[in-house]
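As a plain string of letters, each chain reads:
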Amino acid sequence: MSSSSPFTDEQIAEWASFGPKLKGKPTPEQQLEAQERKKKCADMKERLAKEINDPVNWTEKKIEKELDRLVEEGLESTAVRPSYLDGPSGTRDFYPPEMRVQNWLFDNFRETAKSFGFQEYDAPVLENVELYKRKAGEEIVDQMYAFTDKEGYHVTLRPEMTPTLARLVLGKTNLQTGEVRLTLPLKWFSIPQCWRFETTQRGRKREHYQWNMDIVGVDHVHAEVELLAAACFFFQRIGIGPDVVGIKVNSRAVLEAVLAKHGIEKGKKDADGGDIFEQVCVIIDKLDKIGGPAVTELLGEIGVGSDSAAEILKALEAPSVEELANQVGTNSEAVNQVKRLFELAEQYGFGDYLIFDASVVRGLAYYTGVVWEAFDRRGELRAIMGGGRYDRLLEKYGGEKCQIPCVGFGFGDCVIMELLKECGKIPDFASAGPDYVVCAFSPDLYGTAANISWKLRQTGATVDLMPTPKKKVAASFKHADQTGARRMVFVAPDEIEKGVVRIKDLRTKDKNGESIQVDCPLDALDTVDELVAKAVESE
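Note that the structure is a prediction, hence the values are computed from the model and not measured. (Residues numbered from 1 in each chain as written. Predicted model: local features only at pLDDT ≥ 70, side-chain atom pairs only at ≥ 80, totals over all residues. Heavy atoms only, no water.)

**Student:** Any chance you could explain the overall build of the chain here in plain terms?
**Tutor:** Helix and strand content of the chain: 21 helices and 19 strands. Against the compact-globule benchmark of 24 Å for 539 residues, the chain has a radius of gyration of 32 Å, which places it well outside the compact range. Here the chain, with 539 residues, has 45% of them falling under the buried criterion. Accessible surface, the chain as shown: approximately 28,600 Å² in total, 49% of it carbon and sulfur. The chain carries 70 positive and 87 negative side-chain charges, and their two centres are separated by 4 Å. (Helix = DSSP H or I, 4+ residues; strand = E, 2+ residues; numbered from the N terminus. Rg over C-alpha atoms; globule rule 2.2 N^0.38 Å. Buried < 20%, exposed > 50% of the residue type's maximum accessible area, 1.4 Å probe, protein only. Areas by Shrake-Rupley, 256 points an atom, 1.4 Å probe, with all protein chains shown as cover. Lys, Arg positive; Asp, Glu negative; His and termini not counted. Charge placed at Lys NZ, Arg CZ, Asp CG, Glu CD.)

Right, here's the structure in full:
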């Protein structure tokens, strides 16, 4: 029994036993059934009305309506739901309310990127598997949704966008000379849907959207600074300050010097031909998740001794880039680049978001310089955003002449949405419906209502023309309010005969708290705002 309903489960079951209401024109046999059902329902409603003895709140009509609702609710809860009605594991459906939130997030992605002078691009979600196999040894290859298509090509749903960006840039590059036939630097962004077959958890799905921003053709730290500034500008735009989110910054080039001291040099292969440096980076990238002892154990499995592992972990705990440089024994260009980045971040105005963290390496093998990760300072969510410099990726795809510097970041939609929900930063879209809902009083006025809708749309307004009016006028107005519409246009014969239409502004109230109403001439529908403003002034 519902907590707000006076009916018992037995009474609901009794009502359900009468069967559903017949729809459409009944056959002679169905007419008899309908008459018998009607009598049973009438007897039960009369009996329940006497038992409840509340003629104000529980009329026989209200009793019937509530019992119908409870029966339908019970049928829904007991119905067997076919598995094909559920989306594939790790994917999401976006009903209109969720779509409004996603559009709001993506609009903020786009407006941020455009405010920094970036241009949007896109590409097919289907890519050649070879594009990712060229980065062999990474987990991403094992997580691809890969298959052979009907023409025999080995393809995959893209797991990330950076290789696609590399392919697009190389499509405009002379591979023999390495000359890019586009004006450098390129500042491009995209919001692609990406797919990875991995364990789903909070903030991680098998499909997700990712805001990518990349700069191609700049070989110094100014590119990193600009991208970090854009990310911080986005955080500020949606109300997320440096007290909530931080960005850990490190350099893979500095890490190379750390590992080289222990014989782990970039390009060095193990017995199976795997790149040891890349394997170590993948392991170190798990430090926050699995802890030092587990990392030491995994390093041992690929031949890194316990003493070396201990020194590597100690270096990764360095509190500043200066301290790390002292441990490594170098004042390299990589160290100076990181120092310069922090200086510029302070001058730019987003330094409060950044912290140095020598343990941030990013698991992807193609990173070559500065790397970073945005994180939730409470420590409850996984990485919000990550990126870095990848100067050698295009060379790997296009050949040794294609040494084109690149830097970029990927910003997933799942984790930031979790954070926004917890921080209460998602706007209320309850009143984010169309500008107008137009409703005809009767079917013969539908054409007039359609013409009014057409003219309102020509003023730039968004209009929802109701296909069928509700049985009661009040219900039509309630529908407009529930859709979040700004105004209701009710096309009734009396006003139309006078050459006007009545428009109710659902969001503007008079001194008595009632919605403002105006009669607008049919040939002046572009003056509604003025009429409403005058009505408010006259109050």
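**Student:** I would appreciate a short explanation of unusual backbone geometry in the present structure.
**Tutor:** Among all residues except glycine, the phi angle is most often negative; among peptide bonds, the trans geometry is most common. Here the bond from L184 into P185 is cis, since omega is 0°, no more than 30 degrees from zero. Positive phi values are uncommon outside glycine, yet N53 reaches one of about 55°. One can find N53 in the loop between α2 (28-52) and α3 (60-78). For N53, a relative accessible area of 63% translates into the label exposed.

**Student:** Explanation requested: the packing of aromatic side chains in the structure shown.
**Tutor:** The geometry of two aromatic rings is summed up by the distance between their centres and the angle between their planes. Counted by the stated rule, this structure contains 22 aromatic pairs. Centroid distance F116 to F233: 5.5 Å. Interplanar angle 70°. Geometry classified as edge-to-face. Note that F116 is positioned in the loop between α4 (96-115) and β1 (119-120) and F233 in helix α8 (residues 222-237), a separation of 117 residues in sequence. You can call F233 partly exposed: its relative accessible area is 37%. Its end group placed over the ring of F375, K248 keeps NZ or CZ at 4.8 Å from the ring centre. (Phe/Tyr/Trp six-rings, centres within 6.5 Å; stacked < 30°, edge-to-face > 60°. Lys NZ or Arg CZ within 6 Å of the ring centre and 35° of its normal.)

**Student:** Looking at this structure, I do not really get the layout of surface pockets. What am I missing?
**Tutor:** Its boundaries defined by the atoms lining it, the second largest pocket holds a volume of some 370 Å³. As for the second largest pocket, its lining consists of K61, K65, K471 and K472. Here the residues of the lining of the second largest pocket sort into no nonpolar, no polar and 4 charged. (1 Å grid on protein atoms, 1.4 Å probe; cavity = no way out; pocket = protein on both sides within 12 Å on 5 of 7 lines; lining within 4 Å. Points joined across faces, edges and corners; volume = space filled by probe spheres on them. Nonpolar A, V, L, I, M, F, W, Y, C, P; charged D, E, K, R; others polar.)

**Student:** Whenever I open this one, the pairing of strand β3 (residues 145-148) confuses me. Can you help?
**Tutor:** Sheet faces and side chains relate simply in a regular strand, where the side chains alternate between the two faces. Note: β3 against strand β4 (residues 154-157), 4 bridges, orientation antiparallel. Across the sheet, A146 pairs through a bridge with T156, a residue of β4. Hairpin geometry of β3 and β4 is characterised by an intervening segment of 5 residues between the two adjacent antiparallel strands and by a positive phi of about 90° at G152. (Pairing = 2+ DSSP bridges.)

**Student:** Sorry if this is basic, but what is going on with the side chain of E495 here?
**Tutor:** On the secondary structure map, E495 appears in helix α20 (residues 493-497). In this structure E495 comes out as buried when scored by relative accessible area, which is 14%.

**Student:** I'm lost on the pairing of strand β17 (residues 487-491) in this one. Help?
**Tutor:** With 5 of 5 residues buried, β17 is to be regarded as a mostly interior element. Side-chain alternation along β17 places R487, V489 and V491 on one buried face and M488 and F490 on a second face that is also buried. Looking at chain direction, strand β15 (residues 436-440) and β17 are connected through 5 bridges and run parallel. In the strand pairing of β17, Y436 is matched with R487. The pairing of β17 with strand β18 (residues 500-509) spans 4 bridges and is antiparallel. Note on β18: the bridge partner recorded for M488 is K504.

**Student:** It is not clear to me how helix α9 (residues 252-260) should be interpreted in this structure. Could you clarify?
**Tutor:** Residues separated by three or four positions in an α-helix point in the same direction, a consequence of the helix having 3.6 residues per turn. Among the residues of α9, those classed as buried are R252, V254, L255, V258 and L259. Buried residues of α9 fall within an arc of 150° about the axis and therefore sit on the same side. Sitting at the amino-terminal end of α9 is S251, which places a side-chain oxygen 3.2 Å from the backbone nitrogen of A253. (Arc of directions from axis to C-beta. Polar contact = N/O pair within 3.5 Å; in protein donor to acceptor, adjacent residues only side chain to side chain.)

**Student:** Can you walk me through the sheet that holds strand β16 (residues 463-465) in this structure?
**Tutor:** Strands belonging to one sheet form pairs held by backbone hydrogen bonds; the direction of such a pair is parallel or antiparallel. Pairing within the open sheet is mixed, and its 5 strands lie in the order β16-β15-β17-β18-β19. With partners counted over all chains shown, the strands left at the sheet margins are β16 and β19 (515-521), one partner each. Ignoring strand direction, the axes of neighbouring strands in this sheet form an average angle of 20°. On top of the sheet, helix α21 (residues 528-537) reaches β15, β17, β18 and β19; it is set at about 135° to β19, its chief contact. (Axes fitted to C-alpha atoms, helices over the stretch in contact; angles between N-to-C directions. Contact = heavy atoms within 4.5 Å.)

**Student:** Could you clarify how one ought to interpret a nonpolar patch on the surface in this entry?
**Tutor:** A cluster of nonpolar side chains, contributed by V125, L126 and F147, occupies part of the molecular surface with about 220 Å² of accessible area. With respect to the element layout, V125 can be found in the loop between β1 and β2 (126-128). (Patch = residues over 30% accessible without salt bridge, like charges linked within 9 Å, V, L, I, M, F, W, Y side chains within 5 Å. Salt bridge = Lys/Arg side-chain N within 4 Å of Asp/Glu carboxyl O.)

**Student:** When you look at the pattern of salt bridges in this model, what are you seeing that I'm missing?
**Tutor:** Opposite charge on two side chains makes pairing possible when the charged atoms of those side chains draw close. Under the defined criterion, the tally for this structure stands at 29 salt bridges. Here E51 and R47 are joined by a salt bridge, their closest N and O atoms 3.8 Å apart. Highlighted residues: E51 and R47, both in helix α2, separated by 4 residues, approximately one helical turn. The partly exposed category is assigned to R47, whose relative accessible area is 33%. Across the pair R507 and D481 runs a salt bridge whose closest N-O atoms are separated by 3.0 Å. Highlighted residues: R507 in strand β18 and D481 in helix α19 (residues 473-482), separated in sequence by 26 residues.

**Student:** I tried to follow the environment of S538 on my own but got confused; where do I start?
**Tutor:** As for its position among the elements, S538 is in the segment after α21. With 65 residues separating them along the chain, S538 and V473 place their C-alpha atoms 27 Å apart.

**Student:** Would you take a moment to explain the nonpolar core for this structure?
**Tutor:** Generally speaking, a soluble globular protein has its nonpolar side chains buried in company with each other. Ranked by size, the top nonpolar core spans 64 residues in total, and within it W211, F235, I247, W372, F411 and I416 carry the most contacts. Counting residues per element, this core draws most heavily on α8, which supplies 10 residues. (Core = buried A, V, L, I, M, F, W, Y, C linked by side-chain atoms within 4.5 Å.)

**Student:** Please explain the sheet that holds β2 as it appears in this structure.
**Tutor:** Across the sheet, which stays open at both edges, the 3 strands sit in the order β2-β4-β3 with antiparallel pairing between neighbours. Looking at the sheet topology across the chains shown, the edges are occupied by β2 and β3. Across the sheet, the mean angle from the axis of one strand to that of its neighbour is 35°, orientation sign disregarded. The sheet contact formed by β2 and β4 spans 3 bridges and is antiparallel. Its bridge partner being in β4, E127 is matched across the sheet by T156.

On their own, these measurements won't tell you what the molecule is for.
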